[in-house]
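# Fold and contact review
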Amino acid sequence: MRMLRGIVLQTLSSPSLSEIYSFGPFNYNIQKRWKKPVDSAQTRLESRTIDFTLDKLMNHLKKLRQALGVHELMSKRRGHYTSVQLLSKWRHMSGLNTSIGSFLRKYPHIFEVYVHPVKRNLCCKTTQKMVDLITQESVVIKETEQDAVRRLKKLLMLSTNGTLHIHALWLIREELGLPDDFRNSVIPNYPDDFRVEEPDTLVLISWDSSLAEASIERWRENEYREKWLSEHETKFAFPIQFPTGYKIEKGMREKLKNWQMLPYLKPYEKKDDLRVGSATRFEKRVVSILHEFLSLLVEKRLAVERLAHFRRDLSMEVNVRELILKHPGIFYISTKGNAQTMFLREAYCKGSLVDPNPIYVVRKKMLDLVLMGSRNTGQVQQMEQIEERHNLLSNDSLINDCNDDWFLPTTKDTVEGQIIDNLDSIGEHYTEVEQE
């Protein structure tokens, strides 16, 4: 016991070797070193100044995409309707994270819920208002085919070799104002302008000099005439609109002024070696290509992931997202709507396009119909009438003994459990009878 006591006292009184040198200057395991903050595209994205107006717009557009996804599922069915039970199984295919019942109740201007006269189950279809707008969009796209062809020609002129992959163009067909089957319905109508080569490559045949002018040149001309600025100040300048709350650091104004006057190779000018000159001039050329690319789109916005299909063809061999975040006065990236979307800042004012086009006007009407929600409708009365009619039909089915093949018998407990305010549980109480 004495020996054990001595060992314990010796251990407590005498410090170990690691404790003696724990605060030494050469102990790299303990010494904390200062690390330089990481400046990357992700850190810029997290610390950027948020534009709440554009973020709110993306949240609204997400609702419209979900509504159009449900409509597309129903349009593939015979009769362009489907039961609520079957629609609840397909809700993930349209990108819905909520129950189908609550989603349908939110948009009575888009979807109409009714009782099927034969099957006696709850079904859903798109309202006539929304169907008319979707039809109108297709008509407007057909009428503005010449404008879409002009956008397509300018986009091909932006490319290095005058070629683009058809799959990449199909991914942005809605942004260009093209129909889904543009390869068979639009391109063959212009044999003097386009040619399709293997493997699925669209080639520009004729160069149109009248289209080889960037949209920003008109803004520069207006700045030169209206604001009486010198040609040196406007020849290579871009419109700058910082978001509300953006903090301008010291020395940034001088750097921005020098960058605005920096010459660069313009988008439609061709050169064998584009990297001749400084890296800043090359980056400014990429900024001008992105600016012209967004200017050609119908709604002046595009998902950032779509740009990956055009980097090599448009000679944008840089970190595009990082370059976009370095110029918050020209572009803006919104992370709302389950995607990163790039906006051309000068084209928007208070969440709407400054210069709207016919396709945008129709899509804006669709969005307004979604944002109306349950306002300006007799939705409560309509739901009560449906519930009353549904209960009457169900009670008659219990009393009458029908032997028809199409008749679907129900029990009393099933009828009592079917409440119109809870559309999610309807599919669990009814057996789906789908006639293909």
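In the block above lies the structure referred to throughout.
Heads up: these notes are all about the structure in this document. As the structure is a prediction and not an experimental result, all values here were calculated from the model.

Turning our attention to the overall build of the protein chain. The number of helices and strands found in the protein chain is 20 helices and 11 strands. Scored against the burial criterion, the 436 residues of the protein chain give a buried share of 44%. Considering only residue pairs separated by 6 or more positions, the protein chain has 66% of its internal contacts joining residues 24 or more positions apart. A total accessible area of about 26100 Å² is found for the protein chain, and carbon and sulfur atoms account for 51% of it.

What follows covers the sheet that holds strand S3 (residues 122–126). Taken together, the 3 strands give an open sheet; going across it, the order is S1-S3-S2, and neighbouring strands pair in antiparallel fashion. Among the strands making up the open sheet, the edge pair consists of strand S1 (81–83) and strand S2 (111–115). Between one strand and the next, the sheet's axes are offset by a mean angle of 30°, whatever the strand orientation. As paired elements, S1 and S3 share 3 bridges and run antiparallel to each other.

Right, let's get into unusual backbone geometry. Glu198 connects to Pro199 through a cis peptide bond whose omega is 0°. As for its placement among the helices and strands, Pro199 is situated in the loop between strand S5 (194–197) and strand S6 (201–204). Even without glycine at this site, Lys300 takes up a positive phi of about 55°. Unusually for a residue other than glycine, Ser315 sits at a positive phi of about 60°. Within the secondary structure, Ser315 is located in the loop between strand S7 (301–303) and helix H16 (320–325).

It is worth spelling out the pattern of salt bridges at this point. As enumerated under the stated definition, the model contains 17 salt bridges in all. Notably, a salt bridge pairs Asp180 with Arg173, separated by 2.8 Å at the nearest N-O pair. For Arg173, a relative accessible area of 14% translates into the label buried. Taking the shortest distance from any N to any O, the salt bridge between Asp200 and Arg183 comes out at 3.0 Å. A residue pair is termed long-range when its members are at least 10 positions apart, and Asp200 in the loop between S5 and S6 and Arg183 in helix H11 (residues 182–185) qualify at 17 residues. Accessibility expressed as a relative area gives 32% for Arg183, which makes it partly exposed. One continuous salt-bridge network, built from bridges that share partners, spans Glu137, Glu299, Arg301 and Arg363.

Cut-offs used in this document
Residues numbered from 1 in each chain as written. Predicted model: local features only at pLDDT ≥ 70, side-chain atom pairs only at ≥ 80, totals over all residues. Heavy atoms only, no water. Helix = DSSP H or I, 4+ residues; strand = E, 2+ residues; numbered from the N terminus. Buried < 20%, exposed > 50% of the residue type's maximum accessible area, 1.4 Å probe, protein only. Contact = heavy atoms within 4.5 Å. Areas by Shrake-Rupley, 256 points an atom, 1.4 Å probe, with all protein chains shown as cover. Pairing = 2+ DSSP bridges. Axes fitted to C-alpha atoms, helices over the stretch in contact; angles between N-to-C directions. Salt bridge = Lys/Arg side-chain N within 4 Å of Asp/Glu carboxyl O.

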